[in-house]
2 protein chains.
Amino acid sequence: MTAPNIAAAIEAMSHLEVDTKPASVKTKSRDFFWYSPVLKDRLDGLVADFVVSPRNEAEVIEVLKICYEHDVPVTTRGAGTGNYGQAIPLAGGCVLHLNLMNAVKEIHPGRTIVEPGCLLKDIDAATKEHSGQEIRLFSSTWATATIGGFIAGGSGGVGGVRWGGLRDVGNIIRLRVVTMEAEPRVLEITGEELHRVSHAYGTNGIITEIEIPLAPAYDWVELFLSFKDFTEALTYCYDLVGCDGMLIKLATVFEAPIAKDYFQRVAPYVEADDVVVALMVAPHAMSGFQTFSARYDGADVIYRSDDHDWARHPGHVFEYAWNHTTLRALKVDPSITYLQVGYGTDDPISLVNKMREMFSPEVLQHVEVTRQGGRVGMGGLSLVKFSDEARLDEIVALHEAEGAMIFNPHRYTLEEGGRQSTDERQLEFKREADPKGLLNPGKMIAWDDPDWGYDQMYAYPGLRKAAE
Amino acid sequence: MTAPNIAAAIEAMSHLEVDTKPASVKTKSRDFFWYSPVLKDRLDGLVADFVVSPRNEAEVIEVLKICYEHDVPVTTRGAGTGNYGQAIPLAGGCVLHLNLMNAVKEIHPGRTIVEPGCLLKDIDAATKEHSGQEIRLFSSTWATATIGGFIAGGSGGVGGVRWGGLRDVGNIIRLRVVTMEAEPRVLEITGEELHRVSHAYGTNGIITEIEIPLAPAYDWVELFLSFKDFTEALTYCYDLVGCDGMLIKLATVFEAPIAKDYFQRVAPYVEADDVVVALMVAPHAMSGFQTFSARYDGADVIYRSDDHDWARHPGHVFEYAWNHTTLRALKVDPSITYLQVGYGTDDPISLVNKMREMFSPEVLQHVEVTRQGGRVGMGGLSLVKFSDEARLDEIVALHEAEGAMIFNPHRYTLEEGGRQSTDERQLEFKREADPKGLLNPGKMIAWDDPDWGYDQMYAYPGLRKAAE
Ligand SMILES: Cc1cc2nc3c(=O)[nH]c(=O)nc-3n(C[C@H](O)[C@H](O)[C@H](O)COP(=O)(O)OP(=O)(O)OC[C@H]3O[C@@H](n4cnc5c(N)ncnc54)[C@H](O)[C@@H]3O)c2cc1C
Ligand SMILES: Cc1cc2nc3c(=O)[nH]c(=O)nc-3n(C[C@H](O)[C@H](O)[C@H](O)COP(=O)(O)OP(=O)(O)OC[C@H]3O[C@@H](n4cnc5c(N)ncnc54)[C@H](O)[C@@H]3O)c2cc1C
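Per-chain numbering applies: the sequence of each chain, read as written, is numbered from 1 onward. Chain labels run from A onward and ligand labels from 1 onward, assigned in the order the entries are written. Local features in a predicted model are, by the rule used here, given only for residues with pLDDT of at least 70; side-chain atom pairs are given and counted only at 80 or more, and totals for whole chains, interfaces and linings are based on all residues. Note: side-chain values were computed over all heavy atoms of the structure, leaving out hydrogens and water.

As recorded in an unreviewed UniProt entry, chain A goes by Putative FAD-linked oxidoreductase and comes from Flavimaricola marinus.

Take the overall build of chain A next. Strands here mean DSSP runs of E at least two residues long; helices mean DSSP runs of H or I at least four residues long; both are numbered from the N terminus. Along the backbone of chain A there are 17 helices and 19 strands. Its C-alpha atoms give chain A principal-axis dimensions of roughly 70 × 50 × 40 Å. For this analysis, residues touch if any pair of their heavy atoms sits within 4.5 Å. Of the contacts formed within chain A by residues at least 6 apart in sequence, a portion of 73% connects residues at least 24 apart. Areas reported here follow the Shrake-Rupley algorithm with a probe of radius 1.4 Å; residue values treat only the protein chains shown as occluding. On chain A, roughly 16,800 Å² of surface is accessible, and the fraction owed to carbon and sulfur atoms is 49%. Of the side-chain charges in chain A, 44 are positive and 67 negative, and the distance between the mean point of each set is 3 Å. Residues counted as positive are Lys and Arg, residues counted as negative are Asp and Glu, and His and the chain ends are not counted. Note that the charge is assigned to NZ on lysines, CZ on arginines, CG on aspartates and CD on glutamates.

Now for the environment of asparagine 323 of chain A. All names here are of chain A. Among the secondary structure elements, asparagine 323 is positioned in the loop between β14 (300-304) and α12 (324-332). Along the chain, asparagine 323 and leucine 381 lie 58 residues apart, while their C-alpha atoms are 6.9 Å from each other. When neighbours within four sequence positions are excluded, asparagine 323 is seen to be in contact with Tyr35, Asn83, Ser140, Tyr338 and Leu381.

A few words on the site of ligand 2. Residue and element names in this part refer to chain B. Around ligand 2, the surrounding shell holds 37 residues, and the nearest of these are Thr76, Gly78, Thr81, Thr146 and Gly156. Polar contacts here mean pairs of N or O atoms no more than 3.5 Å apart (in protein, one a potential hydrogen donor and the other a potential acceptor; neighbouring residues in sequence count only if both atoms are side-chain atoms). Measuring from an oxygen atom of ligand 2, one finds a backbone N or O atom of glycine 78 at 2.7 Å. Threonine 81 has a polar side-chain atom sitting 2.5 Å from an oxygen atom of ligand 2. Surface burial for ligand 2 is 97%, taken as the share of its 980 Å² of free accessible area covered by protein chains. Residue assignment for the shell around ligand 2 shows that the elements contributing at least two residues are β3 (74-77), α6 (147-153), β10 (206-216) and α12 (323-332). The greatest single-element share of the shell around ligand 2, amounting to 5 residues, is contributed by α6. A class-by-class count of the residues in the shell around ligand 2 yields 14 nonpolar, 22 polar and 1 charged. It suffices for a single heavy atom of a residue to lie within 4 Å of a molecule or strand for the residue to be listed as near it. Lys, Arg, Asp and Glu make up the charged group, whereas Ala, Val, Leu, Ile, Met, Phe, Trp, Tyr, Cys and Pro make up the nonpolar group; the residues left over, Gly among them, are polar.

The two chain copies are related to each other by a rotation about an axis together with a translation along it. The two copies are related by a screw operation: chain A maps onto chain B through 180° of rotation and 0.0 Å of translation along the axis, at an RMSD of 0.0 Å. The superposition of one copy onto the other is thereby described by a two-fold rotation axis. Across chain A, the smallest distance between a C-alpha and the rotation axis is recorded for arginine 375 of chain A, namely 2.6 Å. Most of the interface of chain A is mirrored in chain B: 95% of its interface residues are interface residues there too. A least-squares fit on C-alpha atoms brings the copies together, and the residues used are those whose pLDDT is at least 70 in both copies.

On to the interface of chain A and chain B. Listed as interface residues are 37 residues of chain A and, on the opposing side, 35 residues of chain B. Note on definitions: buried area is the accessible-area loss of two parts on being combined, 1.4 Å probe, summed for both. Carbon and sulfur atoms make up 52% of the area that chain A and chain B hide from each other, which totals about 2,900 Å². A per-residue breakdown of the area chain A buries against chain B is headed by Val169, Asp244 and His284 of chain A, which together make up 24% of the total. Salt bridges are identified by distance alone: a Lys or Arg side-chain nitrogen within 4 Å of an Asp or Glu carboxyl oxygen. At the junction of chain A with chain B, the criterion picks out 2 salt bridges. Glutamate 192 of chain A serves as the salt-bridge partner of arginine 295 of chain B, at 2.6 Å between the closest nitrogen and oxygen. The interface formed by chain A and chain B contains 11 residue pairs in polar contact (both at pLDDT 80 or more). Listed by contribution, the elements that provide at least two residues to the side of chain A that touches chain B are α7 (160-163), β10 (206-216), α11 (286-293), β17 (366-372) and β18 (375-385) of chain A.

The next point concerns the site of ligand 1. Residues and elements named next belong to chain A. In the vicinity of ligand 1 lie 37 residues, with Thr76, Gly78, Thr81, Thr146 and Gly156 positioned nearest. Going through the elements one at a time, β3 (74-77), α6 (147-153), β10 and α12 are the ones with two or more residues in the shell around ligand 1. No other element matches α6, which puts 5 residues into the shell around ligand 1. Per-class residue counts for the shell around ligand 1 are 14 nonpolar, 22 polar and 1 charged.

Next up on the list: helix α5 (residues 120-131) of chain A. Residue and element names in this part refer to chain A. To estimate how far a helix should extend, the number of its residues minus one is multiplied by 1.5 Å. Its 12 residues place the ends of α5 17 Å apart at the C-alpha level, agreeing with the 16 Å of an ideal helix rising 1.5 Å per residue. A simple rule labels every residue: compare its accessible area, found with a 1.4 Å probe on the protein chains alone, to the largest value its type can have, and call it buried under 20%, exposed over 50%, or partly exposed in between. Buried within α5 we find Leu120, Ile123, Asp124 and Thr127. On an axial view of α5, the arc spanned by its buried residues comes to 95°, and they lie on one face. Taken together, the buried residues of α5 touch β5 (104-108), β6 (111-114), β7 (133-135), α6 and β10. Looking one or two residues beyond α5, the residue adopting positive phi is glycine 132, at roughly 60°. The arc refers to the directions leading from the helix axis to the C-beta atoms.

Turning our eyes to something else, we now look at the side chain of glutamate 255 of chain A. Residue and element names in this part refer to chain A. Here glutamate 255 lies in the loop between β12 (248-254) and α10 (258-262). Side-chain polar atoms of glutamate 255 contact the backbone nitrogen of glutamine 365, separated by 2.6 Å. Excluding residues that lie within four positions of it along the chain, glutamate 255 makes contacts with Phe230, Val275, Arg356, Ser360, Val363, Leu364 and Gln365.

Turning to the packing of helix α13 (residues 348-359) of chain B against helix α14 (residues 389-401) of chain B, a few remarks are in order. Packed helix pairs are characterised by how far apart their axes lie and by the angle those axes make with each other. Residue and element names in this part refer to chain B. Here an angle of 0 to 180 degrees is reported between the N-to-C directions of two axes, which are lines fitted to C-alpha atoms, with helices fitted over the stretch in contact. Running from amino to carboxyl end, α13 crosses α14 at an angle of 145°, the nearest separation of the two axes being 11 Å. Between α13 and α14 lies a crossing whose hand is right-handed. Together, Met355, Met358 and Phe359 of α13 and Arg391, Ile395, Leu398 and His399 of α14 make up the contact between the two elements. Per-class residue counts for the contact of α13 with α14 are 5 nonpolar, 1 polar and 1 charged. Definitions for this section: a left-handed crossing has its near helix turned counterclockwise from the far helix by less than a right angle. A right-handed crossing has that turn clockwise.

This paragraph deals with the pattern of salt bridges. Opposite charge on two side chains allows them to pair when their charged atoms are near. Residues and elements named next belong to chain B. This structure, assessed with the given rule, holds 68 salt bridges over all chains. A salt bridge links glutamate 57 to arginine 176; the nearest nitrogen and oxygen atoms lie 2.6 Å apart. With glutamate 57 in helix α4 (residues 57-69) and arginine 176 in strand β8 (residues 174-178), this pair connects stretches of sequence that are 119 residues apart. Judged by its relative accessible area of 18%, glutamate 57 falls in the buried class.

Following the UniProt record, one finds the feature "domain: FAD-binding PCMH-type" (unreviewed entry) at residues 43-217 of chain A. For residues 43-217 of chain A, helix accounts for 23% and strand for 25%, while the C-alpha atoms at its two ends are 39 Å apart. UniProt positions are given in the numbering used here, feature names are shortened, and annotations may be inferred rather than shown by experiment.

What follows concerns the sheet that holds strand β1 (residues 18-19) of chain B. All names here are of chain B. Strand pairing requires that DSSP identify at least two bridges connecting the strands. Ordered by their spatial adjacency, 4 strands build an open sheet running β1-β2-β4-β3, and the pairing between neighbours is mixed. Unpaired on one side and paired on the other, β1 and β3 mark the two borders of the sheet. Here β1 runs beside strand β2 (residues 50-52); their pairing, made up of 2 bridges, is antiparallel. Across the sheet, the residue bridging to valine 18 is valine 52, located in β2. Relative to the sheet, α4 contacts β2, β3 and β4 (94-97), its axis offset from that of β4 by approximately 170°.

Next up, the structure:
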């Protein structure tokens, strides 16, 4: 990369909403990378030179044009709730903050068109109010995260029990993307091409408009159940998700003593040996839910949002699930970190149990049940008691040896957080859309170092600390 | 059974809507039993003594009380579109016609409460108009059948690709049922007890109110596709239904030359060797549908309801699917009949192909893809060129020998049309709710002859022809 001319870029943007105040630039250069002790060591203190908040697509184009001209790296930011340093400007430069582009533009039966900076919860509020609809899938950071960040950085979440993952065909309808060129182009992306930019960490284009499907909004009944037996809790959830006539939105299993130790408002109602299940059930499915649950001796409903006497409201149950589990554990025990595990669909219960036998309590099972390719599958965001990097790598290797797939959250590159291989579609599109390689630099190994062998953790040579 | 006193019963009902005109009584004593050459021989000419159409539950209770007192058999009738002689009064007596009890009583988010005589299409019209909702599942006789008949006699249909079968937990919320006793009781039935009366052919109670879940109503795009390869068409549908992010409502495969020979308005657009697929896709899923379809070389869209130039409108595609396929074939070739086959979820494509190899063209594959226990499964309503009963029985036996389950539509009893075994829940409830055995007599072998061995077709001794 040619050295950036930061001053010239800021100068050229003087009519835009630019922020150069060190304190706020620092804040907007960080995300939730500190979940990982591995990334914490490496990414702490990285900071952009300035932040710009475009008000619309035309201003996004302006910013990209200026940064292209002056060789300034651009790292896009939604709300900065990502976990892998996705939104951290590794090489400094410009943080393109989309917080002002937050309109819900259109709502139709089954779909909506929104701007990228819209918070997930704000989309739901608008679509529910408009026509009793809501988004199919959301990350558990629903209250704070943007839809653009979810699509560019997330993978799925609440609703996955019914709709699968974010990148499953049908879950994104259309993206409008601006390229990083001398003359930025605006592209409408649909179909197979969606894979170019979804979950690409903003390395190959800026998403300026999103069309996603909607599902009917219901007053979901949120529940906690307790079980004494871990396998029974897993089986219960697996079977429940397999009931095609039961409309549910979340099914999560927490090994004991996660709930007792880390869920402060749940703790008074459980014992240390209680396995806890979190569910979201459609109100009109509650009768079927009762029927189903009665088949499982060990299932004990300890909380339902529509009828409870808990002294302190626990909040949304989904804010205990997905990556909120890790957050809650971290707050109590800062030595906790996590792993993302794919248990697949063939016999996920056995695989989860095997991992539990091998690692509990060093690794505690937190399992999300989802639909995967038309079948019931399981994924884990396992809580790991961190000792050192070598042991963490060993745990990863042992999982993989047993057939449990690891999506490593202790890496900041696309490849290492995914399948450790080049995504040709994303790389090819980056060549086309970001010829100077200025978008979120350091996040795509294939761009920097096509021959990288994955034998060790990638270290982006361009890392630029604040102190430098 | 004690001999019925028909005259006394009619007399006691003189204030009700009673019909004793032979022509209309005869019409209302018939259903679509004639689909089966086997049943046609045995059930033709069976007729009730009179028909009564209660206006409300109180009148249902009155009728049952009177019939109980005078030992008159009561066969309930919705619209009489059932296929197994379900609604045929084998022992004469009273046909309880629910056509006047057709109100949509309440509509809420996700559910509705209706009277049993309401047509499926009328529920949809009301719920769509009210709040953009529709029923999850309907038989392809949507335009003519009642919800009561669907629940008491049907098994599933359009929508099963997403919601599974009618009796899967969650697909019926509540039934209100009147018993056949000296003092009829009104029972509210939910949970596991739903299995007592759903698909019980009205042998153990009259359903007077139904609470069922609703799904969002969309302007479904209805499609026909053609393929040259049968396995590719099957695989295409299997994979499509496995896309958790794709909202579809129907996926049906017709072996060649079903479409060319039996679908008159489709025939001009296909060749004799075309395998045809019928689909219903949500409008907002059409983009994903295109993406998905492009992965299959052989998939050729020949009709879509929102954009076509067919000279003669083919009507709803679902009226080519489920048991409408048989109807269309029968109209062209009266020697056609059918079998209902369960191919399960383990490897349905291979099993379908095996049956095709063994029997085509004597048996032509018509396959419905549905969700079964959280997985993609297949069921067949195979078209059978009928030669004689012995050969039909042989075809049945050969299917079963290969692991394809047969629900025999050439039998008029619950057991023979199902799993050839007693449903203890239904039997037990009949003991309680119909102690004299007057409800739809002859349909439950377990009631008539508990030791029946299923080595031959059951012949109800009480059959009473009109001529007698
Ligand atoms: C407690 C907690 C729970 C979480 N739960 C989940 C979960 O359930 N599921 C899940 O998938 N994730 C989860 N995450 C991760 C993260 O919260 C989500 O992915 C979230 O949706 C990201 O949104 P954001 O606005 O914060 O994105 P950011 O963190 O701001 O950005 C994420 C990535 O997207 C890029 N980006 C943002 N906007 C655009 C754009 N318009 N165009 C191009 N690139 C863009 C950024 O450059 C960055 O690489 C969780 C994180 C935390 C801390
Ligand atoms: C062309 C064609 C296509 C079909 N497609 C399908 C399909 O896709 N799926 C499917 O499941 N079926 C199908 N069927 C069978 C039938 O049409 C459906 O099951 C239909 O829903 C039955 O409704 P009905 O009102 O006609 O019931 P009827 O035939 O009148 O009655 C069916 C049974 O239910 C009993 N019954 C009716 N109402 C009550 C009540 N209120 N209380 C207690 N018992 C009652 C009757 O005594 C009888 O035993 C098809 C039939 C045809 C001819």
